[in-house]
Amino acid sequence: METSGNIQMAIDKWLFTQHLNGKHLPTLRFYIWSNPTISLGYHQNNYPESWENIVWQGKKLDLVKRPTGGRAVLHQGDLTYSVVTSGLSNSRILAYQKICEFLISGWEKLGISLSYGTAGRGYIHNPNCFGTATNADLVTQEGYKLIGSAQLRRNDVILQHGSMRLQPDEELFALVFGESISQSLNFPVDISIDDVTTALIEAARDRFHAEFHVQGFSDAEWQEILSFV
């Protein structure tokens, strides 16, 4: 699904609230952002003022807040996944690892091996989510941080979503964060976003022993979603 950052975050918040209230089954969603967007972590109140006025290719970048924690993510050339579920471990790290099983397995099918990052809490001093990799993030064997994830938890219900950095524009990345991308992803040119989502859905089906059904939103549901914007 492709739409603006504000709408994407509203959908994730709505799905989380629905599951929290027992009105919706667990969900797996993939989406892209219709305009290059910087998403801020829920508690990230300090960021460069210049981010509010960045223009790239004649359009101003959007700036939105996520319902989850973590640092800023530049959404351009990426694919975002979102999982809403419940009944996992009370341990944040164990819950991350359980959800990330399908990401590791799916990307392995595409020929890319991933492992968890090892950085400590020094990341809080870096406004860029992809500037470091913690044990909630997934990196390639070459050290490229492919997936940065964040969580929102209430009671035993979890929203975990994350950005898969596929083909970021190095010029835009440097414009936003003032630094170059330290590594590059050897992403096979013949693999499409559809191929990625298909591999990940199959991996999620195998790992979670679940059956997924594609379902759109009704007009009434869209009205509820828009109230979260």
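Everything numeric here is computed off the predicted structure, so don't read it as measured data. (Residues numbered from 1 in each chain as written. Predicted model: local features only at pLDDT ≥ 70, side-chain atom pairs only at ≥ 80, totals over all residues. Heavy atoms only, no water.)

**Focus: the sheet that holds strand 3 (residues 37–40)**
- The strand order 6-3-7 describes an open sheet built from three strands, whose pairing is mixed. Both edges of this open sheet fall to strand 6 (62–65) and strand 7 (73–75), since each of them pairs with a single strand only. The average angle at which neighbouring strand axes cross in this sheet is 25 degrees, direction not considered.
- Pairing between strand 3 and strand 7: three bridges, direction antiparallel. Bridge pairing links Ile38 to Leu74 in strand 7. (Pairing = 2+ DSSP bridges. Helix = DSSP H or I, 4+ residues; strand = E, 2+ residues; numbered from the N terminus. Axes fitted to C-alpha atoms, helices over the stretch in contact; angles between N-to-C directions.)

**Focus on the side chain of Gln151**
- Inspection of the secondary structure assignment puts Gln151 in strand 11 (residues 145–154).
- Judged by relative accessible area, which is 13%, Gln151 ranks as buried.
- Within the structure, the side chain of Gln151 is placed 2.9 Å from the side chain of Gln160, a separation counted as a polar contact.
- The contact partners of Gln151, leaving out residues within four places of it in the chain, are Thr68, Gly69, Arg92, Ala95, Tyr96, Ile158, Leu159 and Gln160. (Buried < 20%, exposed > 50% of the residue type's maximum accessible area, 1.4 Å probe, protein only. Polar contact = N/O pair within 3.5 Å; in protein donor to acceptor, adjacent residues only side chain to side chain. Contact = heavy atoms within 4.5 Å.)

**Re the pattern of salt bridges**
- Tallying each qualifying case throughout the model produces four salt bridges.
- A salt bridge links Asp12 to Arg29; the nearest nitrogen and oxygen atoms lie 2.9 Å apart. Highlighted residues: Asp12 in helix 1 (residues 5–20) and Arg29 in strand 2 (residues 27–33), separated in sequence by 17 residues. Pair check on accessibility: Asp12 and Arg29 agree, each one buried.
- In this structure, Lys145 and Asp137 form a salt bridge, with 3.1 Å as the shortest nitrogen-oxygen distance.
- Among the residues examined, Lys145 registers a relative accessible area of 4% and is labelled buried. (Salt bridge = Lys/Arg side-chain N within 4 Å of Asp/Glu carboxyl O.)

**Points about the nonpolar core**
- If you look at the biggest cluster of nonpolar residues, it comprises 41 residues, and the most contacted ones within it are Ile38, Phe102, Leu103, Trp107, Ile147, Met164 and Val176.
- Of all the elements in the fold, those that place two or more residues in this core are strand 3, strand 8 (78–86), helix 2 (92–109), strand 11, strand 12 (157–165), helix 3 (170–177) and helix 4 (193–208).
- The element best represented in this core is helix 2, accounting for six residues.
- Beyond its immediate stretch of four places on either side in the chain, Phe102 contacts Leu28, Phe30, Tyr81, Val83, Leu200, Ala203, Ala204, Arg207 and Phe208.
- Residues Ile7, Val84, Val157 and Ile225 belong to the second largest nonpolar core, which totals 11 residues. (Core = buried A, V, L, I, M, F, W, Y, C linked by side-chain atoms within 4.5 Å.)

**Brief notes about the side chain of Thr37**
- By the element assignment, Thr37 lies in strand 3.
- For Thr37, the side chain forms a polar contact with the main-chain oxygen of Asn35, separated by 2.7 Å.
- Those residues in contact with Thr37, other than ones at most four positions away along the chain, are Asp62, Leu63, Val64, Val73, Leu74 and His75.

**Considerations on the pairing of strand 3**
- By the alternation rule, side chains of strand 3 split into Thr37 and Ser39 and Ile38 and Leu40, which are all buried.
- Summarising the sheet, strand 3 and strand 6 pair through four bridges and their orientation is parallel. Residue pairing across strands places Leu40 opposite Lys65, the latter belonging to strand 6.

Honestly, that's just the spatial picture; any functional story needs more than this.
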